[in-house]
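Here are the chains, one letter per residue:
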Amino acid sequence: MTEEIDRLVQELQEELLRGYSERLKDEFLSPQNLGRIKDSNSHVSVTGVCGDTIEMDLLIRDGTIHDIKFMTDGCGPTIACASYVTRAAKGRTLEEALQITPEDVDTYFEGLPEEHKHCAKLSVMTLRAAIENYRSKSAGTTKSGKVKGFL
Ligand code: FES
């Protein structure tokens, strides 16, 4: 009975991960920078048209992303894409972080499955919204930090 359940779980995992590159599987199964930053100076919540949401916190010091974390209720590729975007942005200046594109994410993962291309876009747009939110707050223009139907 246990062997049968193990086999069933294995089959379900294989089905779930079909079409995922090794990099995508690895990042999805071991995501980096998950969580919240208690003393962040920017927090945003961005919901894509698919209904998935990414929340992101930035801790910016001297124009550099000192720390960055995310949470999501999204799919596996969303977890992987947000993880990659946070890794790519950490330690970068705001200008450098703004250069990260959905195409960079897609390339890193050796081509996301077609139905998950927008996960890269949601991740990058969340980073951009977090940076814009920080800049607005710094300039004295308050923002709610919530963005809906962004894509
Ligand atoms: Fe919507 Fe991944 S399926 S962001």
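Scroll up for the structure.
Fair warning: this is a prediction, and the values are worked out from it, not measured in the lab.

### Notes on the overall build of the protein chain
Then comes step 1: Each helix and strand counted, the protein chain has six helices and four strands in total.
Then comes step 2: For the protein chain, the sequential pattern of α-helices and β-strands runs α-α-β-β-β-α-α-α-α-β.
Then comes step 3: In terms of C-alpha radius of gyration, the protein chain reaches 17 Å, essentially the compact-globule figure of 15 Å for 151 residues.
Then comes step 4: The buried share of the protein chain, reckoned over its 151 residues, is 36%.
Then comes step 5: When contacts within the protein chain are restricted to residue pairs at least 6 apart in sequence, long-range pairs at least 24 apart make up 63% of them.

### A look at the pairing of strand β2 (residues 53-61)
Then comes step 1: Examined bridge by bridge, strand β1 (residues 42-47) and β2 share six bridges and lie antiparallel to one another. Note that in β2 the partner of Ser 45 across the bridge is Glu 55.
Then comes step 2: As defined by bridge partners, β2 adjoins strand β3 (residues 64-72) across eight bridges and the pair is classed as antiparallel. Among the inter-strand pairings, Glu 55 is bridged to a residue of β3, identified as Met 71.
Then comes step 3: What sits between the antiparallel neighbours β2 and β3 is a turn of two residues, in which Asp 62 has the positive phi angle 50°.

### Re the packing of helix α2 (residues 22-29) against helix α3 (residues 76-89)
Then comes step 1: Orientation of α2 relative to α3, taken along the N-to-C sense of each, is 85°, at an axis distance of 8 Å. On the basis of their axis angle, the class for α2 and α3 is roughly perpendicular. Of α3, the residues touching α2 (which contributes Leu 24, Glu 27 and Phe 28) are Gly 76, Pro 77, Ile 79, Ala 80, Ser 83 and Tyr 84.
Then comes step 2: Grouping the constituent residues of the contact of α2 with α3 by class yields six nonpolar, two polar and one charged.

### Considerations on the environment of Val 44
Then comes step 1: Take Val 44: it is sitting in strand β1.
Then comes step 2: Taking C-alpha positions, Val 44 is 17 Å from His 66, a pair spaced 22 residues apart along the chain.

### What to know about helix α1 (residues 2-16)
Then comes step 1: Here α1 spans 21 Å end to end across 15 residues, near enough to the 21 Å set by a 1.5 Å rise per residue.
Then comes step 2: Little of α1 sits out of view: just zero of its 15 residues are buried.

### Focus on unusual backbone geometry
Then comes step 1: The backbone phi angle of Asp 62 is positive, close to 50°, even though this residue is not glycine.
Then comes step 2: Here Asp 62 shows up in the loop between β2 and β3.
Then comes step 3: Residue classification places Asp 62 among the exposed positions, given that 6 C-beta atoms sit within 10 Å.
Then comes step 4: A positive phi is found at Glu 110, a non-glycine position, where the angle reads about 55°.

The rules behind the values
Residues numbered from 1 in each chain as written. Predicted model: local features only at pLDDT ≥ 70, side-chain atom pairs only at ≥ 80, totals over all residues. Helix = DSSP H or I, 4+ residues; strand = E, 2+ residues; numbered from the N terminus. Rg over C-alpha atoms; globule rule 2.2 N^0.38 Å. Buried ≥ 20, exposed ≤ 12 C-beta atoms within 10 Å, placed from the backbone. Contact = placed C-beta atoms within 7 Å. Pairing = 2+ DSSP bridges. Axes fitted to C-alpha atoms, helices over the stretch in contact; angles between N-to-C directions. Parallel < 35°, antiparallel > 145°, perpendicular 65-115°, else oblique. Nonpolar A, V, L, I, M, F, W, Y, C, P; charged D, E, K, R; others polar. Expected span 1.5 Å × (residues − 1).

Note that all results are geometric; they support no functional claim without further evidence.
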